[in-house]
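Inside the fold
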Amino acid sequence: MFKYLIALIFFSFFLSSLKAQNNLYNTGELEFTDSLEKSVISTKFKKKDFKIDTLVDLSDKMPPASDQGSQGSCWAWAAAYAMRSWMDVEKNKGYYKADGSLDSSTLYSPAFVYEKYRNRRDEPCNSGALAKLTLDKILQEGAVTFDRFSYKSTDCNRSKDMNASILQSAKKNALLGYDVFVVTDLFSAQKKLTDGQPLIISIRLDDQVGDLGRSPSMGKPKIWKHYGDKGQTHAMVCVGYSDKLNAIKVLNSWGKDWGDDGYIWIDYEIAKQSINYYCYPQKTQKNIKVTTSSKALFELASNSKYLIQPTDDFWFKVGYYVKFENYKIVLADLNKREKTAVVEVREASNYKLIKSLFVNVNTSNEFYIGDKKYEFQFKEIGYRGYNVFKKAVIFDISEI
């Protein structure tokens, strides 16, 4: 009898293991390589300049959790279904009809985005992409809602359905004037969440998080606290954080039966170690018209008369540049009211554009040029030079 009991237990364990193996959750986010990292400009908010809350939860503003199924489309669910739908929620007054059913005309289709923007055509159901680049394409080129393009996880080659009417409808939903911004540190992510902005995350999962989401919650929040063996890269949406739980809250695309109604908490330390980046859309073109596309620029002379005591900071006005190493740092435009600016980094020798930065006062931007990493800090707007009516941007730039 004992032998039969042992055999039964072993067989049950084998079946459960087999079931787990056959029900692995799909991902799809591209691996965050060194070349991808060097192509990203990240923004940092300084702790001394900003206050943040101890608890933020934006989950009531998000669409309900849904399931990507067998398709490698997490990046499409994060960028289209979650983030793009959230951007329209105030306009649409929610995601539900009066009878309580989901309103497919207010939720953006990950199927359209997957078909249009996936990386490879030869792997129709398992082709990855980068969530940041996908969100940028959605904003620039558009997307459509579920009522125009339904989702089926096993129907991954939908080119026949991408007719002229669908593509034209997508263009009407483009949001020109928005850019995708990236932060890589926890405080900057918390600052944006405090401002009411959810964030798409690219994260390196481990081999245990799927089981954690399936496990009974016992009335407690499900918190991912221990990192096992490195798994695949995945895209989710960060909707909040809790200093009491020492964790961030994320919306996943593995269905409402996974986690707590589709959500899970990630311990701060795991977030710091495993999240490649957080990204979010931000309107940048309000009152910003870049004026320095030509070479008609002026260098700020070292003997310029200052209205206030000079410092070690760099400074320039619109249409001027300063030299830094082998580059010209150009102020392309300045919005004095919103304290934002467009800054260009150009080759000193041939004026070739290397990087274009949209910057906010009291923030820093980190970026690569080749193998060197630089930090640009937009410190303040003040008076410099002869003309008191033309304010200057005071900044620092340094190699990290």
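For the structure itself, look to the data block above.
Residue numbering note: each chain is counted from 1, following its sequence as written. Local features in a predicted model are, by the rule used here, given only for residues with pLDDT of at least 70; side-chain atom pairs are given and counted only at 80 or more, and totals for whole chains, interfaces and linings are based on all residues. To obtain the side-chain values, all non-hydrogen atoms of the structure were included, while hydrogens and water were left out.

This paragraph deals with the overall build of the protein chain. The secondary structure listing takes helices from DSSP runs of H or I that are at least 4 residues long and strands from runs of E that are at least 2 residues long, numbered from the N terminus. A count of helices and strands for the protein chain gives 10 helices and 18 strands. For each residue, the accessible area found with a 1.4 Å probe, counting protein chains only, is set against the maximum for its type, and the residue is called buried under 20%, exposed over 50%, and partly exposed in between. Relative to its full complement of 400 residues, the protein chain shows a buried share of 50%. For the protein chain, long-range pairs separated by at least 24 residues make up 67% of all intrachain contacts whose partners lie at least 6 apart in sequence. Values of accessible area rely on a 1.4 Å probe in the Shrake-Rupley scheme; residue burial ignores everything except the protein chains shown. Roughly 20400 Å² of accessible area belongs to the protein chain as shown, and the carbon and sulfur atoms make up 51% of that amount. Every residue pair with non-hydrogen atoms within 4.5 Å of one another is taken to be in contact.

Right, let's get into the packing of aromatic side chains. To pair, rings of Phe, Tyr and Trp, with the six-membered ring standing in for Trp, must have centres within 6.5 Å; the planes then decide the type, stacked if under 30 degrees apart, edge-to-face if over 60, and tilted in the middle. Counted by the stated rule, this structure contains 21 aromatic pairs. Look at Y327 and Y374: their rings are 6.1 Å apart centre to centre, the planes differ by 85°, and that puts the pair in the edge-to-face class. Taken as a pair, Y327 in strand 13 (residues 327-335) and Y374 in strand 17 (residues 372-382) lie far apart in primary sequence, 47 residues in all. Taking the relative accessible area as the measure of exposure, Y327 reaches 11% and is therefore buried.

The next thing to look at is the pairing of strand 16 (residues 363-369). Of all 7 residues making up strand 16, 7 are buried, and the element is well covered by its neighbours. Covered by surrounding structure in strand 16 are T363, N365, F367 and I369 together with S364, E366 and Y368, the residues of both alternating faces. In this sheet, strand 16 lies alongside strand 1 (residues 42-45) in antiparallel orientation, the contact comprising 4 bridges. Bridged to F45 within strand 16 is T363. Pairing between strand 16 and strand 17: 7 bridges, direction antiparallel. Paired with N365 across the two strands is F376, which belongs to strand 17. Pairing between two strands is assigned when DSSP locates at least 2 bridges connecting them.

At a minimum axis distance of 9 Å, the contact between helix 3 (residues 74-87) and helix 6 (residues 131-141) shows a crossing angle of 45°. Our classification of the angle between helix 3 and helix 6 gives oblique. Of the two possible hands of crossing, helix 3 and helix 6 adopt the one that is right-handed. Counted together, W75, A79, A80, M83, R84 and M87 of helix 3 and A131, T134, L135, I138 and L139 of helix 6 form the full contact between these two elements. Under the grouping applied here, Gly and all other residues not named as nonpolar or charged are polar, the nonpolar ones being Ala, Val, Leu, Ile, Met, Phe, Trp, Tyr, Cys and Pro and the charged ones Asp, Glu, Lys and Arg. Classifying every residue of the contact of helix 3 with helix 6 by side-chain character gives 9 nonpolar, 1 polar and 1 charged. Structural elements are reduced to axes, namely lines fitted to C-alpha atoms, with helices fitted over the stretch in contact, and the angle between N-to-C directions of any two is expressed from 0 to 180 degrees. The scheme is simple: roughly parallel for angles under 35 degrees, roughly antiparallel for over 145, roughly perpendicular for 65 to 115, oblique for anything else. Working rule for handedness: look at the near helix, and if it is turned counterclockwise from the far one by less than a right angle, call the crossing left-handed; if clockwise, right-handed.

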